[in-house]
Amino acid sequence: MRYPLALALLLFSTPAAAATPEEKLAAAGLKLPPADAPVATFSQTVRTGNLLFVAGHARCGKEIIKAKVGREFTTEQGYAYAREVGLCLLASVKADLGE
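Residues numbered from 1 in each chain as written. Predicted model: local features only at pLDDT ≥ 70, side-chain atom pairs only at ≥ 80, totals over all residues. Heavy atoms only, no water.

**Q** Got a minute to help me understand the side chain of glutamine 44 in this structure?
**A** Tracing the chain through its elements places glutamine 44 in the loop between helix 2 (21–27) and strand 1 (45–48). A distance of 3.2 Å separates a polar side-chain atom of glutamine 44 from the backbone oxygen of glycine 56. Apart from the residues within four sequence positions on either side, glutamine 44 is in contact with Asp36, Phe53, Val54, Ala55, Gly56, His57 and Ser92. (Helix = DSSP H or I, 4+ residues; strand = E, 2+ residues; numbered from the N terminus. Polar contact = N/O pair within 3.5 Å; in protein donor to acceptor, adjacent residues only side chain to side chain. Contact = heavy atoms within 4.5 Å.)

**Q** It is not clear to me how the pattern of salt bridges should be interpreted in this structure. Could you clarify?
**A** When the charged atoms of two side chains with opposite charge come close together, those side chains can pair. Under the defined criterion, the tally for this structure stands at 2 salt bridges. Linking lysine 94 and glutamate 22 is a salt bridge whose minimum nitrogen-to-oxygen distance equals 2.9 Å. Of this pair, lysine 94 sits in helix 3 (residues 75–97) while glutamate 22 sits in helix 2, and the two are 72 residues apart along the sequence. Where arginine 47 meets aspartate 96, a salt bridge forms, and the shortest distance between an N and an O atom there is 3.2 Å. Residue arginine 47 is located in strand 1, and its partner aspartate 96 is located in helix 3; the two are separated by 49 residues in the primary sequence. Relative accessible area serves as the criterion here: at 25%, aspartate 96 is assigned to the partly exposed category. (Salt bridge = Lys/Arg side-chain N within 4 Å of Asp/Glu carboxyl O. Buried < 20%, exposed > 50% of the residue type's maximum accessible area, 1.4 Å probe, protein only.)

The structure is reproduced here in structure tokens:
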């Protein structure tokens, strides 16, 4: 899937009774990776009331790559990297909120 917005629409636009988010991801050929554990005092999610803030994500369990699309990365590689980061964000949300 090339566009993150299309992924978000796929996950959240259908009725809740139709499928779980994991089933929708599986239908799109995607799977949530295990969420990274917090490092030192840094937390990737912070819950305040009924809000959940997420920050500081890269690909779950993989090294951080510092590169620019168009220079060190092709556009397709940039999309793939962004997809992995998006899945890591969703994994962190699931780890914090539970099922």
